[in-house]
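Observations on the three-dimensional arrangement
Residues per chain, in single letters:
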Amino acid sequence: ALERGPVEVRFEDVGYAYPDGPQALHEVSVHIEPRSRVAVVGETGSGKSTFAKLLIRLADPTSGRVALGGVPLTDVPFASLRERVVMVPQDGFLFDTTIGENIVYGRPGATADDVERALHELGLEDWLAGLARGLDTPVGQRGEALSAGERQLVALARAYLADPDLLVLDEATSAVDPATEQRLQRALESAMRGRTAVSVAHRLSTAEAADRVLVFDGGRIVQQGSHDEL
Ligand code: ATP
Ligand code: MG
């Protein structure tokens, strides 16, 4: 069985073809060490999001395999996977309710105190204090009452509250105002500390802060190393 704690990930000769679609990944082999931070970069269509999808088992490889802590992902029960691996999607998916409810969704049964503690640990209490209704602030349909950056903050707080062993991030490409950007950076830093983290990176700073950068091109990893080496 899969033990709790910082986890390693292994892709062994992974190929993936979308049904009626292109072969999006070819022979991807990579070992991600426990607690390490990996950034995934590459041109549009190079396979970055597909790689992220396979990590959280939104899809299964059409060839090869993905293993988490030595256990093939296909052998990890979904209930356990849902606790261990959490993704912050590109445009934070939010429910049409309050900020607090959206964050609690990360860990059913969490209290308002738990949510406030999580926001504190992420350095977001000043953001919370600036909201007219605090945790009771409605996010609106699809989170439209918030900015794109704030939606990512809520999605990140939700992921952090879930306390996953593997955190997968698909960075937002939309412009974020400088104040929110700074908060997001700091919160990401706290959220990734001590865990295995994989980020599809659009910011240079994310690649710079990573232990290793994987460069995708045409569905293959064509280069890997630290940001300085590349
Ligand atoms: P971007 O930087 O634009 O987000 P990406 O590197 O994340 O690009 P992927 O989304 O992984 O790229 O796409 C890899 C390939 O798979 C592309 O050719 C893309 O058109 C195709 N693809 C992605 N999603 C699907 C899908 N749901 N059905 C069919 N083909 C898809
Ligand atoms: Mg993508």
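Residues numbered from 1 in each chain as written. Chains lettered and ligands numbered in written order. Predicted model: local features only at pLDDT ≥ 70, side-chain atom pairs only at ≥ 80, totals over all residues. Heavy atoms only, no water.

Neighbouring ligand 1 are Y18, P22, A24, E43, T44, G45, S46, G47, K48, S49, T50 and K53. In this structure, Y18 approaches ligand 1 through a side-chain N or O atom, which is 3.5 Å from a nitrogen atom. In this structure, an oxygen atom belonging to ligand 1 sits 2.9 Å away from a main-chain N or O atom of S49. Protein coverage of the free-state accessible area of ligand 1, which is 640 Å², stands at 61%. The element that contributes the greatest number of residues to the shell around ligand 1 is helix α1 (residues 48–55), accounting for four residues. Considering only residue class, the shell around ligand 1 consists of three nonpolar, six polar and three charged. (Near = heavy atom within 4 Å. Polar contact = N/O pair within 3.5 Å; in protein donor to acceptor, adjacent residues only side chain to side chain. Areas by Shrake-Rupley, 256 points an atom, 1.4 Å probe, with all protein chains shown as cover. Helix = DSSP H or I, 4+ residues; strand = E, 2+ residues; numbered from the N terminus. Nonpolar A, V, L, I, M, F, W, Y, C, P; charged D, E, K, R; others polar.)

With that settled, the discussion passes to the packing of helix α4 (residues 112–121) against helix α6 (residues 148–162). α6 packs onto α4 with a crossing angle of 110° between their chain directions and a minimal axis gap of 10 Å. On the basis of the axis angle, α4 is roughly perpendicular to α6. Residue-level inspection shows D114, V115, A118, L119 and E121 of α4 in contact with α6, the latter providing A157, Y160 and L161. Taken together, the residues that form the contact of α4 with α6 break down as six nonpolar, no polar and two charged. (Axes fitted to C-alpha atoms, helices over the stretch in contact; angles between N-to-C directions. Parallel < 35°, antiparallel > 145°, perpendicular 65-115°, else oblique. Contact = heavy atoms within 4.5 Å.)

Among the secondary structure elements, E181 is positioned in helix α7 (residues 178–192). Not counting chain neighbours up to four residues away, the residues in contact with E181 comprise V176 and R203. A polar atom in the side chain of E181 sits 2.6 Å from the side chain of R203.

When pLDDT is averaged along the protein, the result is 93, and 100% of the positions lie at 70 or above. Confidence scores differ between elements of the protein, with helix α8 (residues 204–209) showing the lowest mean pLDDT of 86 and strand β1 (residues 9–17) the highest of 98. (pLDDT = per-residue confidence, 0-100.)

A word on empty space enclosed by the protein. Considering all chains together, one arrives at one cavity of 30 Å³ or more under this definition. Its volume calculated, the largest cavity comes out at about 50 Å³. Considering the residues around the largest cavity, the lining is formed by V88, Q152, L156, L169, D170, E171, L184 and L188. Considering only residue class, the lining of the largest cavity consists of five nonpolar, one polar and two charged. (1 Å grid on protein atoms, 1.4 Å probe; cavity = no way out; pocket = protein on both sides within 12 Å on 5 of 7 lines; lining within 4 Å. Points joined across faces, edges and corners; volume = space filled by probe spheres on them.)

The next thing to look at is the packing of α6 against α7. Contact geometry for α6 and α7: axes closest at 10 Å, N-to-C directions at 15°. One way to sum up the angle between α6 and α7 is to call them roughly parallel. When you trace α6 past α7, the crossing you get is left-handed. Between α6, through G149, E150, Q152, L153, L156 and Y160, and α7, the contact on the second element is made entirely by T180, R183, L184, A187, L188, S190 and A191. Here the residues of the contact of α6 with α7 sort into seven nonpolar, four polar and two charged. (Left-handed = near helix turned anticlockwise from the far one by under 90°.)

Spatially, β6-β7-β8-β3-β9-β10 is the arrangement adopted by the six strands of the open sheet, whose pairing is mixed. Edge positions in the open sheet fall to β6 (85–88) and β10 (220–225), since each of these has one partner strand only. Going from strand to strand, the sheet's axes swing by 20° on average, the running direction of each strand aside. Sheet topology note: the strand β7 (residues 166–170)/strand β8 (residues 196–200) ladder contains five bridges and is parallel. When the sheet's bridge partners are listed, L167 is paired in β8 with A197. Sitting on the sheet, α7 touches β3 (37–42), β7 and β8, and the angle it makes with β7 is about 155°. (Pairing = 2+ DSSP bridges.)

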